Amino acid sequence: MLDLPGFEDPNNQSDLTEDVKFKKKMGKGGGFQSMGLSFNVLKGITKRGYKIPTPIQRKTIPLALEGKNIVAMARTGSGKTACFLIPLFEKLKIRMAKTGARALILSPTRELAVQTLKFVKELGRFTDLKAALISGGDSMDSQFSVIHGNPDILIATPGRFLHICIEMDLKLNNIEYVVFDEADRLFEMGFGTQMNSLLEKLPDTRQTLLFSATLPKVLVEFAKAGIGDPVLIRLDVESKLPAELDLVFLTVRSEERTAALLVLLKLHIDSKQQTVVFAATKYHVDYLHMVLDSVGISNTYIYSSLDSSARKINTAKFSQHKVAVLIVTDVAARGLDIPRLDNVINYNFPDRSKLFVHRVGRCARAGRTGTAYSLITPDEYPYMLDLHLFLGQSLSIINSSNPKGNIGCIPQSLIEEQHGTIIMLHDTNPDLLQIKQTADKAYTKYLQTRPVASVDSNRRAKQFLTNKCGTHAFFKAQNNDLQEERENILQQMKNYRPQGTVFEVCSKTKSQDYLVMKATRAFHKSARTAYKKNMENQSSVSETKLVALPESTKTEIESVFDEIVTSKKRKLDYLNDIKPKKQKDEYYIPYSAPDKFTEDGMAINNFQREASQAQFDLTADTTEDIKRAKQQMRWDRKKKKMVGANNDLKVGKLKTEGGKWIPASYKTYRYEEWKEKTKAAENEDNNEDDQLNDQGRYNKRSRWGKHNDMNKNKKVQSELRSVDQIVKQRKITEKKKLRQNKKLRKKTRK
């Protein structure tokens, strides 16, 4: 058989299988190659080691390449830096030295800004774009010279960058691309005023990207005011709990909460496992840290007002398994990312369901198992009911009739033992007792700012019979027969309700108190009996089980009934479901604009609606911050609610990175001094193509233009000499004569 060029032998199956394998390798989609990136950017991505984009990159990069404004929620370590750097390289493409900065990246801390600059150099090393860093701690003179170098990308912290803008009267008209990295931390650190001031200086045609781990209310308002028509990208990872996570709810009394924590850490949880304990305020963190140290449990702590170096040291201790327990507040734990966490304990139950998911979602990751323990006091029952409604889970109390419930208690014998230890520590350590009193005062302040649970949950919490709550299944294995008997006796004592009141039981039959209470009881006897009957009827109704019946389909209804009579609207909807929908005519002109509902604020999927669902505020963990948040609210008589109040003392002022408030127009004229010192205006380099102007003359800023100006302004030296100049000239001539005489003498001797 002849081998024709372009035709393969069908019997040769090896070649066909190799071609199929090659096509499968080449046709693999979903990577960076399918995003339409330029060669230099794609080369930098592959050299960096990226192969498959992360979920946030897969959603964000295509929208950013289209030029849309984006508000993205992403966790630390999810690849968000590449989400804004790859579209940035595609938008800027080549270096333009004369235009100046065209992209601005704002970071909350200097460390994050340095990390971003390093990433820009690695990812964009095959592009000729120039990046520069402007942050606090460096000399302003060096930063003046950096900006005079006209970098394409500016990576800055807000405080120092705004100060540079004021000093240099810097115009940001050429900025095309703005990124707010870790925007929630920018607001937490008090840079809200700086961010709003920078937005006023930026052009309206810019593209804005805002990345954040959470979405507080302040950030939503900032995005609505400063970002035009943003797209909210939110990965719903934090709204779902993994199947490997076990939820344990334990009811305790408020005074026994610390004892219950010691029971879990000393007797139940393995000392080799890592545990994070969430407390309400920083004073609770200090108190628990001292208690665990006194008991001998290795632990460390983090809260928002702790020094940054101390936070790094304490986090490193926990991540490197030097200690087993980490005590934190919600504000401090926001940026914490621990990949291998075994347990989470809610010492104070969170006041919002999203906050609970945010806490417990830190364990049971990447297929690992984990347990989340929650200590619940009576004032926190409504929040627990809200949580179960949010998660869509059933709520059942563990008792003798329902041993497989999800809400139980700790054996009282274990709690009493640890509670005695805590009382002994308070008696022997006065410092610990003082910190306990401070934590109690801080908790009262915390309760004043805690959001209120829903009305239905508050109503249902009053009917929540915790006195019937039995021992949780986690502790039943540790109990012996004697302890179970003791627990049953204690439970019966809790459930006991005497027939009479204190006035009847402890008084004589002829006393005034006894006679009054007996008359009152006889007067309300009919109402009491009616109430008891009503409760018995409700319990009997609730015990009857309803069987869910399957619904009938449309085809079954049509086969049985020849004629269906219904309302006009229902009939039209029914016919529309059966008939195929007609496509709109290509040349049909509608009466209303396509974006009418968006303009009216009635769109189904708009930023305001999605942001309100994703909104997530964190309660402050210090008394000062709680008091400040309360003072910033005032009562609006028209709206009939508390609204934010502007602090007149800080209007028109900016907060520096050192924490001081200065006027917004504060200027030290250091830039003018630097210009005179370095003569920067005279030493600016220009290209030779732009040296000649339209009239054929040299521009004043060009090299030859400066040369001509110097010759024009050159001063003519005077021909008259001073006395000193004449004396100096005479000395020089005498020295020359002496040298010549010496040379002549040498020649004559020879």
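Calculation notes
- Residues numbered from 1 in each chain as written.
- Predicted model: local features only at pLDDT ≥ 70, side-chain atom pairs only at ≥ 80, totals over all residues.
- Heavy atoms only, no water.
- UniProt positions renumbered as here; feature names shortened; annotations may be inferred.
- Axes fitted to C-alpha atoms, helices over the stretch in contact; angles between N-to-C directions.
- Helix = DSSP H or I, 4+ residues; strand = E, 2+ residues; numbered from the N terminus.
- Parallel < 35°, antiparallel > 145°, perpendicular 65-115°, else oblique.
- Left-handed = near helix turned anticlockwise from the far one by under 90°.
- Contact = heavy atoms within 4.5 Å.
- Nonpolar A, V, L, I, M, F, W, Y, C, P; charged D, E, K, R; others polar.
- Buried < 20%, exposed > 50% of the residue type's maximum accessible area, 1.4 Å probe, protein only.
- Core = buried A, V, L, I, M, F, W, Y, C linked by side-chain atoms within 4.5 Å.
- Expected span 1.5 Å × (residues − 1).
- Arc of directions from axis to C-beta.
- Polar contact = N/O pair within 3.5 Å; in protein donor to acceptor, adjacent residues only side chain to side chain.

- Labelled according to an unreviewed UniProt entry, the protein appears under the name RNA helicase, originating from Photinus pyralis.
- Quoted straight from UniProt, the Sequence similarities (unreviewed entry) entry for the protein says "Belongs to the DEAD box helicase family. DDX54/DBP10 subfamily."
- Under the heading Catalytic activity (unreviewed entry), UniProt records this for the protein: "ATP + H2O = ADP + phosphate + H(+)".

**With respect to the packing of helix 4 (residues 80–92) against helix 5 (residues 110–123)**
A pair of packed helices can be characterised by two numbers: the angle between their axes and the separation between those axes.
Line of reasoning, step 1. It is at 11 Å that the axes of helix 4 and helix 5 come closest, and there the two elements cross at 50°. Comparing the axis directions of helix 4 and helix 5 gives the class oblique. You can see that helix 4 and helix 5 cross each other, and the crossing is right-handed. Side by side, helix 4 and helix 5 meet where T81, A82, F84, L85, I86 and F89 of the first sit next to T116, F119, V120 and L123 of the second.
Line of reasoning, step 2. Residue classes in the contact of helix 4 with helix 5 are distributed as eight nonpolar, two polar and no charged.

**Let's talk about the environment of V502**
Line of reasoning, step 1. Tracing the backbone shows V502 in helix 21 (residues 502–505).
Line of reasoning, step 2. For V502, a relative accessible area of 62% corresponds to the exposed category.
Line of reasoning, step 3. A sequence separation of 11 residues divides V502 from D513, and the C-alpha atoms of the two residues are 9.6 Å apart.

**Examining the nonpolar core**
As a rule of thumb, soluble globular proteins bury nonpolar side chains together.
Line of reasoning, step 1. Residues F161, F180 and L210 are the most contacted members of the largest nonpolar core, which totals 41 residues.
Line of reasoning, step 2. Among the elements that take part in this core, helix 7 (residues 158–168) stands out by supplying six residues, more than any other.
Line of reasoning, step 3. The contact partners of L210, leaving out residues within four places of it in the chain, are I70, V71, A72, F180, A183, L219, F222 and I227.
Line of reasoning, step 4. If you look at the next biggest cluster of nonpolar residues, it comprises 35 residues, including V291, Y303, Y373 and L425.

**Here's the deal with helix 5**
Given 3.6 residues per turn, any residue in an α-helix points the same way as the ones three and four places further on.
Line of reasoning, step 1. Here helix 5 is 14 residues long and its end C-alpha atoms lie 20 Å apart, about the 20 Å a rise of 1.5 Å per residue gives.
Line of reasoning, step 2. The complete set of buried residues in helix 5 reads L112, A113, T116, L117, F119, V120 and L123. The buried side chains of helix 5 occupy one side of the element, clustering within an arc of 165° when seen end-on. Residues of helix 5 that are exposed and point more than 90 degrees away from the buried face comprise Q115, K118 and K121.
Line of reasoning, step 3. Next to the buried residues of helix 5 lie helix 2 (39–48), helix 4, strand 2 (103–106), strand 3 (131–134) and strand 4 (153–156).
Line of reasoning, step 4. Residue T109 occupies the N-cap position of helix 5, its side-chain oxygen lying 3.4 Å from the main-chain nitrogen of L112.

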